[in-house]
Amino acid sequence: MRFVAAVALLALLPAVASAFAPSAVSRPAFSANPLRLSAVATGPGGKPAASAEEDLELTYRVILEKIAADEEEDDDDAAVEDEVDEDEVEAIASAEDEEPSLNDDDDEDEVDVVEAEDSPLVAEFQSLLRTRRTINDFETTLPPGWEDAVNRAIEAATHAPNHKRTEPWRFHLLGPDAVRNVCELNAALVSAKKGEEAGRKKFDRWLKMPGWLVATCVVEEGKGKGKDDSPAASSDDMDGNPAGLARENYAAVCCAVQNLCLSLHAEGIGTKWTTGPVNFDERFGEAAGVPEDEYVVGTMWFGTAAKVPDAPRKRLSLEDVLTRHD
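Parameters at a glance
- Residues numbered from 1 in each chain as written.
- Predicted model: local features only at pLDDT ≥ 70, side-chain atom pairs only at ≥ 80, totals over all residues.
- Heavy atoms only, no water.
- Phe/Tyr/Trp six-rings, centres within 6.5 Å; stacked < 30°, edge-to-face > 60°.
- Helix = DSSP H or I, 4+ residues; strand = E, 2+ residues; numbered from the N terminus.
- Axes fitted to C-alpha atoms, helices over the stretch in contact; angles between N-to-C directions.
- Parallel < 35°, antiparallel > 145°, perpendicular 65-115°, else oblique.
- Left-handed = near helix turned anticlockwise from the far one by under 90°.
- Contact = heavy atoms within 4.5 Å.
- Nonpolar A, V, L, I, M, F, W, Y, C, P; charged D, E, K, R; others polar.
- Disulfide = S-S within 2.5 Å.
- Buried < 20%, exposed > 50% of the residue type's maximum accessible area, 1.4 Å probe, protein only.
- Pairing = 2+ DSSP bridges.
- Core = buried A, V, L, I, M, F, W, Y, C linked by side-chain atoms within 4.5 Å.

Draft legend 1. Representation of the packing of aromatic side chains. Overall, the coordinates contain four aromatic pairs when judged by the stated rule. In textbook terms, an aromatic cluster arises when at least three aromatic residues are bridged by ring pairs, as seen for Trp206, Trp212 and Trp301.

Take a look at the structure:
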């Protein structure tokens, strides 16, 4: 840019010089090279005139020298910038080489364990596991955002261990009509066993439970039905074939229920996993709207805890439940 401006200025110099030169001085003759001024000026008697042309040529040379010096400086600056860029690239490449590879498994387990000891996430998760409680008393209304919380909990439930990858879990969110049907069926069972007064009290209590989820297990075609051919009955091959699909699926649904309860607990929503006789009554499916190819694993009440029970006293210690073998 400076070079172009200088050339433009040089192109104007002859006109400026001729405008201010004495009349006895002839006009200079220029060579074809626009960057080189070749002017011969004569004064009276043919002697060279110390005129504007001389000043002009001197000025011209100074400008050319300045241009050359500036161009040299620009080249030096560019070289320095290039060196800096190369250094930066080399430094970045070096840093990338020093970063551990994602495929580098050296001492991976050891690093994970060391980090876990001081990890706030580990402490928080351990606290979550230890503070979950079975809630018996709930507030009568569900908290704001409970539906989103339930959706997240069911998503978490579906990440439970599932050996056969059958994904046998199903969840039914009961509405008012289905809840009343189940409460009436349970009250009838209690009344038949303990009298109408007990049945009425049970009905009133159950009807106050704010949220209801029924967890079920899908029965594979031709497998898993009870001896009476009812999905509600315990699977016949759960006892006859311990490694069979029925036991695998039931265990997977139980793991899913635990995930669900922990997820809701993390969001401040309490739960109670109930497995009373009503869940396995042959009329339960119709009352709750459970399809015939599913059997009930349990019903979860959920909501805001009106009272959180104290931690139950553990009867067995770590050493009682853990046996170390050689």
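From this point, the discussion proceeds with the structure in view.
Draft legend 2. Region of interest: unusual backbone geometry. For arginine 165, which is not glycine, the phi torsion reads 55° and is therefore positive. Considering the arrangement of structural elements, one finds arginine 165 in the loop between α5 (146–157) and β1 (169–173). The phi dihedral of glutamate 167 falls on the positive side, at around 45°, and the residue is not glycine. Tracing the backbone through its elements, the reader meets glutamate 167 in the loop between α5 and β1.

Draft legend 3. Summary view of the packing of helix α6 (residues 176–194) against helix α7 (residues 196–207). At a minimum axis separation of 7 Å, α6 and α7 run at an interaxial angle of 155°. By the angle class used here, α6 and α7 are roughly antiparallel. In this structure, α6 meets α7 at a crossing whose hand is right-handed. On α7, the residues that touch Val179, Arg180, Val182, Cys183, Glu184, Asn186, Ala187, Val190, Ser191 and Lys194 of α6 are Glu196, Ala198, Gly199, Lys202, Phe203, Trp206 and Leu207. A breakdown of the residues in the contact of α6 with α7 according to their chemical character gives nine nonpolar, three polar and five charged.

Draft legend 4. Region of interest: the state of the cysteines. As enumerated under the stated definition, the model contains zero disulfides in all. Cysteine cysteine 217 remains unbridged, with the sulfur of cysteine 254 as its closest cysteine sulfur at 8.7 Å. Residue cysteine 217 is classed as buried on the basis of its relative accessible area of 1%. The cysteine cysteine 254 is free of any disulfide, with cysteine 255 supplying the nearest cysteine sulfur at 7.1 Å.

Draft legend 5. Looking closely at the pairing of strand β3 (residues 270–274). Most of β3 sits out of view: four of its five residues are buried. Pairing geometry for β3 and strand β4 (residues 294–303), over five bridges, is antiparallel. Within the sheet, the bridge partner assigned to threonine 271 lies in β4 and is phenylalanine 302.

Draft legend 6. Region of interest: the nonpolar core. Core analysis: the largest hydrophobic core is formed by 25 residues, its most contacted members being Trp169, Phe171, Leu213, Leu260 and Leu264. Mapped by element, the contributors of at least two residues to this core are α5, β1, β2 (211–218), α9 (245–266) and β4. Take this core: its biggest share by element is eight residues, from α9. Beyond its immediate chain neighbours, meaning those up to four positions away, phenylalanine 171 contacts Ile154, Ala157, Leu213, Val214, Ala215, Ala256 and Leu260. By size, the runner-up hydrophobic cluster in this structure holds 21 residues, among which are Phe138, Val179, Phe284 and Val290.

Draft legend 7. Structural view of the environment of phenylalanine 284. With respect to the helices and strands, the residue phenylalanine 284 is situated in helix α10 (residues 284–288). Overall, phenylalanine 284 belongs to the buried group, its relative accessible area being 1%. Residues phenylalanine 284 and valine 296, 12 residues apart in the sequence, show an inter-C-alpha distance of 8.7 Å. Once residues lying within four places of it in the same chain are set aside, the contact partners of phenylalanine 284 are Val182, Leu185, Val214, Val278, Asn279, Gly289, Val290, Val296 and Thr299.

No statement about biological role is implied by the geometric values presented.
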